Amino acid sequence: SVKTEYDSIAEKSNKLKQEKEEIIKIIVEIDKKKKSAFMKTLNVINEYFTENFLKLSNKGKAFLDVENKEDPFAGGIDIIVKFAKGKYFDVTGLSGGEQTLVALSLIFAIQRYKPYYFYILDEIDAALDKRNSERLSDLINQNVKLAQYIVITHNDQLMTTSPTLYGVSMQEGISKIVSLK
């Protein structure tokens, strides 16, 4: 009876080992598919990101770089910017306006990859000079075909190129909404 019980337990143990191996194979396959899908998406977004940065800045180029190439999920993603004839910079070493251009390039890259219905952008142009505001306005107008944008701004350049403006003014102590096409 001990031998019968031992054989039964050994059979269950072997079955569990086989099931474990099958589960490990499934996990490895899922990890491969997950990595492939992630890298494919990252490459497309990186391409759009680089294009957008070139539209917003004529100073250089920017791209996304995976920290750990062997296992992209074990690290993060770096944003690398190279200015003309200069060295590579991490985003943290850039000015506020340059960081804004990088962030907007990434936002519009993600938007182009997977558009949503509308975006609300609150004073995204605050750190930009006139020329960069013009470039941002052009980029928004190129992307307006994909989604609706609500841009809160005080920037003349963004306002003059917008198809519709809404403003709030105070008249006799009462706020009034004004619109202009």
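Relevant structure appears above.
Residues numbered from 1 in each chain as written. Predicted model: local features only at pLDDT ≥ 70, side-chain atom pairs only at ≥ 80, totals over all residues. Heavy atoms only, no water.

S.K.: Is there a simple way to think about the side chain of Gln111 in this case?
M.R.: By the secondary structure assignment, Gln111 is in helix H2 (residues 96-113). On the basis of relative accessibility, which here comes to 1%, the residue Gln111 falls in the buried class. If we ignore the near neighbours within four places in the chain, the residues touching Gln111 are Tyr119, Asn143, Leu146, Ala147 and Tyr149. (Helix = DSSP H or I, 4+ residues; strand = E, 2+ residues; numbered from the N terminus. Buried < 20%, exposed > 50% of the residue type's maximum accessible area, 1.4 Å probe, protein only. Contact = heavy atoms within 4.5 Å.)

S.K.: Would you mind going over the environment of Tyr117 with me for this structure?
M.R.: With respect to the helices and strands, Tyr117 occurs in the loop between H2 and strand E4 (118-122). For Tyr117, a relative accessible area of 75% puts it in the exposed group. Spatially, the C-alpha atom of Tyr117 lies 30 Å from that of Asn58, the residues being 59 residues apart in sequence. Those residues in contact with Tyr117 that lie beyond four places of it in its chain are Ala147 and Gln148.

S.K.: What's the story with helix H1 (residues 2-56) in this structure? I'm lost.
M.R.: Along an α-helix, residues three or four apart share an orientation, since each turn contains 3.6 residues. For H1, spanning 55 residues, the distance from its first C-alpha to its last is 78 Å, which sits close to the expected 81 Å at 1.5 Å a residue. Those residues of H1 that fall on the buried side of the exposure criterion are Leu42, Ile45, Asn46, Tyr48, Phe49, Thr50, Asn52, Phe53 and Leu56. At its buried positions, H1 is contacted by strand E1 (60-66), strand E2 (77-83), H2 and helix H3 (130-143). (Expected span 1.5 Å × (residues − 1).)

S.K.: Would you mind going over the packing of H1 against H3 with me for this structure?
M.R.: The angle between the axes and the distance between the axes are what describe a pair of packed helices. Contact pair H1 / H3: the axes reach a minimum separation of 8 Å and the direction vectors enclose 135°. As summarised for this structure, H1 and H3 are arranged oblique, according to the angle between their axes. Residues Asn52, Lys55 and Leu56 of H1 form the contact with H3, whose participating residues are Asn132, Arg135, Leu136, Leu139 and Gln142. The residue inventory of the contact of H1 with H3, partitioned by class, reads three nonpolar, three polar and two charged. (Axes fitted to C-alpha atoms, helices over the stretch in contact; angles between N-to-C directions. Parallel < 35°, antiparallel > 145°, perpendicular 65-115°, else oblique. Nonpolar A, V, L, I, M, F, W, Y, C, P; charged D, E, K, R; others polar.)

S.K.: Could you clarify how one ought to interpret the nonpolar core in this entry?
M.R.: For soluble globular proteins, the rule of thumb is that nonpolar side chains tend to be buried together. Ranked by internal contacts, the top residues of the largest apolar core, which has 29 residues, are Val102, Phe108 and Leu136. Those elements giving two or more residues to this core turn out to be H1, E1, E2, H2, E4 and H3. For this core, the leading source of residues is H1, giving six residues. Leaving out residues up to four positions away in the same chain, Val102 has contacts with Phe49, Phe53, Ile79, Val81, Val91 and Leu94. (Core = buried A, V, L, I, M, F, W, Y, C linked by side-chain atoms within 4.5 Å.)

S.K.: So what exactly am I meant to see when it comes to unusual backbone geometry here?
M.R.: Across residues other than glycine, the phi torsion is negative in most instances, and most of the peptide bonds are trans. Even without being glycine, Glu123 reaches a positive phi, approximately 50°. Within the element layout of this structure, Glu123 appears in the loop between E4 and H3. In this structure Glu123 comes out as partly exposed when scored by relative accessible area, which is 37%. Positive phi values are uncommon outside glycine, yet Glu172 reaches one of about 55°.

S.K.: Help me understand the pattern of salt bridges, please; the structure alone is not making it clear to me.
M.R.: Close approach of charged atoms allows side chains of opposite charge to pair. Overall, the coordinates contain five salt bridges when judged by the stated rule. For the salt bridge of Lys3 with Asp7, the shortest nitrogen-to-oxygen distance reads 3.1 Å. Of this pair, Lys3 and Asp7 both sit in helix H1, four residues apart, which is roughly one turn of that helix. Residue Lys3 is classed as exposed on the basis of its relative accessible area of 58%. (Salt bridge = Lys/Arg side-chain N within 4 Å of Asp/Glu carboxyl O.)

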